[in-house]
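Listed below, chain by chain, are the residues.
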Amino acid sequence: DGGITQSPKYLFRKEGQNVTLSCEQNLNHDAMYWYRQDPGQGLRLIYYSQIVNDFQKGDIAEGYSVSREKKESFPLTVTSAQKNPTAFYLCASIGDRNRGGNTIYFGEGSWLTVV
Amino acid sequence: AQSVTQLDSHVSVSEGTPVLLRCNYSSSYSPSLFWYVQHPNKGLQLLLKYTSAATLVKGINGFEAEFKKSETSFHLTKPSAHMSDAAEYFCVVSDLDNAGNMLTFGGGTRLMVKP
């Protein structure tokens with residue numbers, strides 16, 4: 001079955017460390033997204049990519065980095081420059097509407113805690 | 001550019017009474033619209049979606065939404081609230097920009113159901 005997989009589900013990071021969250025999809029989707037959610041808050045866009053080898057900053061990109069070397073993969077690195085990284089991170093993808101794709105797929109999310 | 005506004009950050013209803021969660025959007029193209037629900041410490045679950053077919057969309061768990069282009073609205077309703085409906089609800093717009101599909105989330109509405 002096609003889907004989107006995020007890992008790890010739970011991650012602890014020491015202050016000053018970089019960590020990378022994985023997001024993989026086998027849906028042949030062009031567009032992929034990373035969101036951050038803080039307790040009791042909505043979803044805020046970190047980065048998005050609409051095609052391989054290209055990505056754009058979202059509303060809260062500072063302290064994060066991404067890459068899109070393959071269509072299937074859109075990893076997010078939370079760098080030491082991110083001052084308050086403890087949050088729930090959600091990856092999403094959506095197909096090309098011009099080719100009939102119109103369903104959003106979400107990963108199960110990753111809980112990152114700084115210790 | 002597209003945007004999504006969920007008009008109420010919190011809605012409180014009594015069990016057995018109707019639910020109305022409001023969503024307004026702006027879009028320069030022909031959008032697809034979605035409602036997602038998020039229970040505490042869980043990922044996002046699709047309730048329903050509108051993709052230019054019937055304007056009244058029925059979803060899971062008795063929810064439905066009506067797409068009103070003239071009002072640029074996509075309000076979510078349910079005739080009778082259940083305790084298990086207490087959760088966070090997100091309205092999402094998918095539209096096309098120059099590069100492809102673009103997702104925009106509303107800020108979320110927290111639904112509380114009183115016994």
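As a reminder, the structure under discussion sits directly above these lines.
Residues numbered from 1 in each chain as written. Chains lettered and ligands numbered in written order. Predicted model: local features only at pLDDT ≥ 70, side-chain atom pairs only at ≥ 80, totals over all residues. Heavy atoms only, no water.

Enquirer: Explanation requested: the state of the cysteines in the structure shown.
Expert: Working definition: the covalent bond between the sulfur atoms of two cysteines is a disulfide. According to the stated counting rule, one finds two disulfides over all chains in the structure shown. The disulfide partner of cysteine 23 of chain A is cysteine 91 of chain A, and the gap between their sulfur atoms is 1.9 Å. On the sign convention where negative means left-handed, the S-S torsion of about -75° between cysteine 23 of chain A and cysteine 91 of chain A marks this disulfide as left-handed. Taken together, the residues span a long stretch of sequence, with cysteine 23 of chain A in strand E3 (residues 19-25) and cysteine 91 of chain A in strand E9 (residues 87-94) at a distance of 68 residues. Judged by relative accessible area, cysteine 91 of chain A falls into the buried class, the value being 0%. Here cysteine 23 of chain B is linked by a disulfide to cysteine 91 of chain B, with a sulfur-sulfur distance of 2.0 Å. Taking the sign of the S-S torsion, -70° for the link of cysteine 23 of chain B and cysteine 91 of chain B, the bridge is left-handed. (Disulfide = S-S within 2.5 Å. Helix = DSSP H or I, 4+ residues; strand = E, 2+ residues; numbered from the N terminus. Buried < 20%, exposed > 50% of the residue type's maximum accessible area, 1.4 Å probe, protein only.)

Enquirer: Can you help me understand the interface of chain B and chain A in this one?
Expert: Often the size quoted for an interface is simply the accessible area lost on bringing the parts together. At the junction of the two partners, chain B supplies 27 residues and chain A supplies 25 residues. With both chains or domains summed, chain B and chain A bury close to 1900 Å², and 56% of this area falls on carbon and sulfur atoms. The interface formed by chain B and chain A holds zero salt bridges in total. Counting across the interface, chain B meets chain A through three residue pairs in polar contact (both at pLDDT 80 or more). Contributions of two or more residues to the side of chain B that touches chain A are made by strand E5 (32-38), strand E6 (44-50), strand E10 (87-96) and strand E11 (101-105) of chain B. Element by element, the count of residues in the side of chain B that touches chain A is highest for E10 of chain B, at five residues. Split by residue class, the side of chain B that touches chain A holds twelve nonpolar, ten polar and five charged. (Contact = heavy atoms within 4.5 Å. Buried area = accessible area lost by both parts, 1.4 Å probe. Salt bridge = Lys/Arg side-chain N within 4 Å of Asp/Glu carboxyl O. Polar contact = N/O pair within 3.5 Å; in protein donor to acceptor, adjacent residues only side chain to side chain. Nonpolar A, V, L, I, M, F, W, Y, C, P; charged D, E, K, R; others polar.)

Enquirer: Can you walk me through the nonpolar core in this structure?
Expert: Most often, soluble globular proteins keep nonpolar side chains buried together rather than apart. Among the nonpolar cores identified, the biggest contains 26 residues, and Trp35, Leu48, Leu76 and Tyr89 of chain B are the most heavily contacted of them. When residues no more than four places from it in sequence are discounted, the contact partners of leucine 76 of chain B are Val19, Leu20, Leu21, Trp35, Leu47, Leu48, Phe63, Glu64, Ala65 and Tyr89 of chain B. Counting 20 residues, the second-largest nonpolar core is a separate cluster that includes Leu45 and Ile104 of chain A together with Leu103 and Phe105 of chain B. (Core = buried A, V, L, I, M, F, W, Y, C linked by side-chain atoms within 4.5 Å.)

Enquirer: Quick question: what am I supposed to make of the side chain of serine 49 of chain A here?
Expert: All names here are of chain A. Following the sequence through the fold, serine 49 ends up in strand E5 (residues 43-51). Of the polar contacts made by the side chain of serine 49, one reaches the backbone oxygen of aspartate 54; its length is 2.7 Å. Sequence-distant contacts of serine 49, that is, excluding residues within four places in its chain, are made with Asp30, Ala31, Met32, Asp54, Phe55, Arg68 and Phe74.

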